[in-house]
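Coordinates in review
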Amino acid sequence: MKTEDIALFHRIVETGSLVEAADILNLPKSTLSRRLQSLEDELNVKLFHRQSRTMTLTASGSHFYDKTTGMLATLEQTLSELTGQDSEVVGHLRILIYPIPALVHITHAIFDFMDEHPELTVEIIVSSEPQDMIRNNIDLAFMLEDAFNENEMVARHILTEKVHFFASPEYIVQSGNPSTPEALAQHNFILFRYPNGRIFNEVPFGSDRMFSVKGNLCVNSLDTCLEATLLGRGIAMMPLTFAQEHVDAGKLEMLFKEVEPHEGHCYLVYPSRRFISLASQRFIDFMMEAMEECIQNGGCDRSVSIRGAIKSMK
């Protein structure tokens, strides 16, 4: 019995469809169907109730899935321990990145990881839309805090961003400059919707206060939020690194400069109820080290890779 076939069985379970699993795995449906049939023949049990559009687990299939999830996880961990950190990583990783200011830094680190493991293939998905990581066979994701369900994910803190209030000079001339945090409720705020559907309409002020805000525009993209702020559509709360060049150019003004900024956190997450592959384990270790070293050395220039920047600073 091949462990690869058991892993394919898991993908079919998680997508609920042979067609969707084949598309995600980039395999012909006929190949996936043949390997599933071979697994059933070897086990001498029926794993799925096959219907025209969906596939549901039989009682035996459900039992086999539950038992083999732990088995695959243990196998991957054992391989990691036996092969050591310098062994070649193979396979395929699907990585979701929420559009965040550090997106360029993260993608550069991914490229560096690929350079160290040339047999690995990677698919990068940049999206601010909700994504079911299990169903869409996404191995890892870079997500903002409050953008994922903590009960369903294992989360590793990877970045911290200082978040401030910003408005354009035109907006301030037209609507006034809020002098107190209570005044924010009287202004038009550019609202933000997280991938999990939550609207960011309760904003932190300093380290210990929260205020409700309202507005006539809601977005799910930092780029769109920035553009709307530059055009005077309202007040926005954004990471300083994202808005700094526009502040320096006089196109945006930072509000409440004397108040301690809120710290927004970005996490590297993966589903808690799914075994994690050897490639994913190595990638997590690599990213945690690369980003920590980069931060300790004062950050990375966008025009160079993270590893290159780290080496040049040593």
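Residues numbered from 1 in each chain as written. Predicted model: local features only at pLDDT ≥ 70, side-chain atom pairs only at ≥ 80, totals over all residues. Heavy atoms only, no water.

Remarks on the overall build of the protein
In terms of regular secondary structure, the protein is built from 10 helices and 13 strands. Dimensions of the protein, computed from C-alpha atoms along their principal axes, come out at roughly 75 × 50 × 35 Å. Evaluated residue by residue, the protein yields a buried proportion of 48% over its 314 residues. Counting contacts in the protein only where the partners sit at least 6 residues apart, residues at least 24 apart contribute 74% of the total. In the structure as shown, the protein presents an accessible area of about 16,000 Å², 49% of it carried by carbon and sulfur atoms. Taking the average location of the 27 positive side-chain charges in the protein and that of its 43 negative ones, the two points are 6 Å from each other. (Helix = DSSP H or I, 4+ residues; strand = E, 2+ residues; numbered from the N terminus. Buried < 20%, exposed > 50% of the residue type's maximum accessible area, 1.4 Å probe, protein only. Contact = heavy atoms within 4.5 Å. Areas by Shrake-Rupley, 256 points an atom, 1.4 Å probe, with all protein chains shown as cover. Lys, Arg positive; Asp, Glu negative; His and termini not counted. Charge placed at Lys NZ, Arg CZ, Asp CG, Glu CD.)

Examining the packing of aromatic side chains
For any two aromatic rings, the description comes down to two numbers: the centre-to-centre distance and the angle of the planes. One pass over the full model with this rule turns up 12 aromatic pairs. With centroids separated by 5.9 Å and ring planes inclined at 85°, the aromatic side chains of F205 and F211 adopt a geometry described as edge-to-face. An identical accessibility class is assigned to F205 and F211; each is buried. (Phe/Tyr/Trp six-rings, centres within 6.5 Å; stacked < 30°, edge-to-face > 60°.)

A short note on the pairing of strand β5 (residues 140-144)
Along β5, 5 of the 5 residues are buried, which leaves the element largely enclosed by surrounding structure. What you see with β5 is no split at all: L140, F142 and L144 on one side and A141 and M143 on the other are buried throughout. Pairing of strand β3 (residues 91-97) with β5 involves 3 bridges; the strand directions are parallel. The residue of β5 that forms the bridge with I97 is F142. Where β5 meets strand β13 (residues 262-271), 4 bridges bridge the pair, whose relative direction is antiparallel. Considered in β13, the bridge of A141 is made with V269. (Pairing = 2+ DSSP bridges.)

Brief notes about a nonpolar patch on the surface
On the surface, F111, I124 and V126 cluster together into a nonpolar patch covering about 240 Å² of accessible area. With respect to the element layout, V126 can be found in strand β4 (residues 120-126). (Patch = residues over 30% accessible without salt bridge, like charges linked within 9 Å, V, L, I, M, F, W, Y side chains within 5 Å. Salt bridge = Lys/Arg side-chain N within 4 Å of Asp/Glu carboxyl O.)

Structural notes on helix α3 (residues 29-43)
Spanning 15 residues, α3 covers 21 Å between terminal C-alpha atoms, matching the ideal 21 Å at 1.5 Å per step. Looking only at α3, the buried set comprises T31, L32, L36, L39 and E40. At the C-terminal side of α3, N44 shows a positive phi close to 60°. (Expected span 1.5 Å × (residues − 1).)

Structural notes on the packing of helix α2 (residues 18-25) against α3
Two elements in contact, α2 and α3, have axes separated by 9 Å at closest approach and are oriented at 115°. It follows that α2 is roughly perpendicular to α3 by the angle criterion. Seen from above, α2 lies across α3 with right-handed handedness. Packed against α2, whose contacting residues are L18, V19, A21, A22 and L25, the element α3 presents K29, L32, S33 and L36 at the interface. Tallied by class, residues from the contact of α2 with α3 come to 7 nonpolar, 1 polar and 1 charged. (Axes fitted to C-alpha atoms, helices over the stretch in contact; angles between N-to-C directions. Parallel < 35°, antiparallel > 145°, perpendicular 65-115°, else oblique. Left-handed = near helix turned anticlockwise from the far one by under 90°. Nonpolar A, V, L, I, M, F, W, Y, C, P; charged D, E, K, R; others polar.)

Considering the state of the cysteines
The final tally for this structure, using the stated rule, is 0 disulfides. There is no disulfide at C225, and the cysteine sulfur nearest it, in C218, is 9.7 Å away. On the basis of relative accessibility, which here comes to 2%, the residue C225 falls in the buried class. (Disulfide = S-S within 2.5 Å.)

Some remarks on the pattern of salt bridges
Following the criterion strictly, the structure yields 6 salt bridges and no others. As a salt-bridge pair, R135 and E20 come within 3.0 Å of each other at their nearest N and O atoms. Remark: E20 occurs in helix α2 and R135 occurs in the loop between β4 and β5; sequence separation between them is 115 residues. By relative accessible area, which is 36% here, R135 ends up partly exposed. On the basis of relative accessible area, E20 is assigned to the partly exposed category, the value being 31%.

Remember that the coordinates give geometry; whether it matters functionally is a separate question.
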